[in-house]
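# A closer look at the structure
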Amino acid sequence: MELSEKQLAEYRNRGYLFFPSLLSSSEADILRNALPDLMASTGPEVKRDNPEDVPKIIYAPHATDERYKAAARLPRILGIVEQLLGEQAYVYQSRVNLKLPFTRDAWSWHQDFTAWHRGDGMPRPHAMMVAVFIDACTPANGPLLVMPSSHSEDLDEILGREAEVVGYDVQRMETDVLRQYADRGGIADLAGPAGSVAFIHPTLLHGSAANMSPWPRSILYINYSAVTNRTVANKRPWFMNNTDSTPLAVCADNTLIESTAGAPQAS
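In this report, we go over the structure that sits alongside the text. (Residues numbered from 1 in each chain as written. Predicted model: local features only at pLDDT ≥ 70, side-chain atom pairs only at ≥ 80, totals over all residues. Heavy atoms only, no water.)

### So, the sheet that holds strand β10 (residues 206-208)
The antiparallel open sheet is built from four strands, whose spatial order is β5-β10-β7-β8. Two strands bound the open sheet, and with one partner strand each, they are β5 (107-110) and β8 (188-190). Going across the sheet, the axis of each strand differs from the next one's by a mean of 25°, ignoring polarity. Pairing of β5 with β10, which is carried by two bridges, proceeds in the antiparallel orientation. Each residue of the ladder has a partner; that of Trp107, found in β10, is Ser208. (Pairing = 2+ DSSP bridges. Helix = DSSP H or I, 4+ residues; strand = E, 2+ residues; numbered from the N terminus. Axes fitted to C-alpha atoms, helices over the stretch in contact; angles between N-to-C directions.)

In structure tokens:
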């Protein structure tokens, strides 16, 4: 998929691109059907509040499941990432955020790059967050919210927004800062069917409300970094900070459809 000049300009100006149904419903079904196996894992990459609780986050599915490995290399995803970054990329981190029915999980306004830079030593925001909707995201089940045009390449500005953040805490921005960007660019509700994909600049302000509905809202986040922008710190485990910056190779466009539940694990 080749982006147009208009789409490239939109990403530069607004900080994100959103494609409803970029993956087919069958491809979204494959990713959704893989979740029970991933959720059953007792490894450290599966985050639970308590050992007996259902997971809230599953880290590094692209490294443990062939279906998610295929999704990260699809030309409709990786090809677009490479066009927007202008060079080859690797998966710095991937995770599935599980917003199960009535779980009320919410994410305050934040920018991902702050934690990547301070915690993992990512030099520049020459990276991208890709959100793949495993379930339909609707106004009722806590969709992804973004503040258009709130992104920046200026490190001083970016880090200054969350000057009081320590470690990996999310959102310590003053209300006046948030109001400034919301008044400037508004707030966009990225609602869409399963298979929709958003390409988001890592400094774009974003968050999501609680899921108070009876419907799940799971999103696969694939965080890519340009190969020239690899992280230089190694404070977090492999499933949160992948130190292998080998460029990814685009796979065939039908690879996800041809993947099966019995496929060997990714290496």
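Resuming the write-up.
### Observations regarding unusual backbone geometry
Positive phi values are uncommon outside glycine, yet Ser21 reaches one of about 60°. One can find Ser21 in the loop between β1 (16-19) and α2 (25-33). Given the relative accessible area of 44%, Ser21 is considered partly exposed. (Buried < 20%, exposed > 50% of the residue type's maximum accessible area, 1.4 Å probe, protein only.)

### A look at the packing of aromatic side chains
Applying the stated criterion across every chain yields a total of five aromatic pairs. Plain terms: the ring middles of Tyr92 and Trp116 are 5.2 Å apart, the flat faces sit at 65° to each other, and that makes the pair edge-to-face. Residue Tyr92 is found in strand β4 (residues 89-99), and its partner Trp116 is found in helix α7 (residues 112-120); the two are separated by 24 residues along the sequence. For the pair shown, Tyr92 and Trp116 are each scored as buried. (Phe/Tyr/Trp six-rings, centres within 6.5 Å; stacked < 30°, edge-to-face > 60°.)

### Remarks on the nonpolar core
One finds Tyr68, Leu84, Val130, Val132, Phe199 and Tyr224 to be the most contacted residues of the largest nonpolar core, which totals 44 residues. Per-element tally for this core: the top contributor is helix α6 (residues 75-85), with six residues. (Core = buried A, V, L, I, M, F, W, Y, C linked by side-chain atoms within 4.5 Å.)

### Quick notes on the pattern of salt bridges
Summed over the entire model, instances satisfying the criterion amount to nine salt bridges. Note that Arg76 and Glu27 form a salt bridge whose closest N and O atoms lie 2.6 Å from each other. In this pair, Arg76 sits in helix α6 while Glu27 sits in helix α2, placing the two residues 49 residues apart along the sequence. With its nearest N and O atoms 2.6 Å apart, the salt bridge here joins Arg67 to Asp65. Each member of the pair, Arg67 as well as Asp65, is classed as buried. Among the charged side chains, a network of salt bridges with common partners joins Glu27, Arg76 and Asp253. (Salt bridge = Lys/Arg side-chain N within 4 Å of Asp/Glu carboxyl O.)

### A short note on the sheet that holds strand β6 (residues 127-133)
The strand order across the open sheet formed by seven strands is β1-β9-β6-β11-β4-β3-β2, and the pairing between neighbours is antiparallel. Every other strand in the sheet has two partners, leaving β1 and β2 (46-47) as the edge strands with one partner each. Of the strand pairs in this sheet, β2 and strand β3 (residues 57-59) are connected by two bridges, and their pairing is antiparallel. Across the sheet, Lys47 pairs through a bridge with Ile57, a residue of β3. Sheet contacts for helix α1 (residues 5-14): β1, β6 and β9 (197-200); angle to β1, the most-contacted strand, approximately 125°. Its contacts with the sheet put α6 on β1, β4, β6, β9 and β11 (217-226), and the angle it makes with β6 is roughly 155°. (Contact = heavy atoms within 4.5 Å.)

### Let's talk about the environment of Met240
With respect to the helices and strands, Met240 occurs in the loop between β11 and α10 (255-258). Measuring from C-alpha to C-alpha, the distance between Met240 and Val146 comes to 23 Å, with 94 residues separating the pair along the chain. With residues up to four places along the chain from it excluded, the contact list for Met240 reads Tyr59, Tyr92, Gln93 and Asp120.

### What about the environment of Pro51?
For Pro51, the location among the structural elements is in the loop between β2 and β3. In the structure, Pro51 is positioned 31 residues away from Pro20 in sequence and 36 Å away in space, judged by C-alpha atoms.

Everything listed here is a matter of geometry and, on its own, says nothing about what the molecule does.
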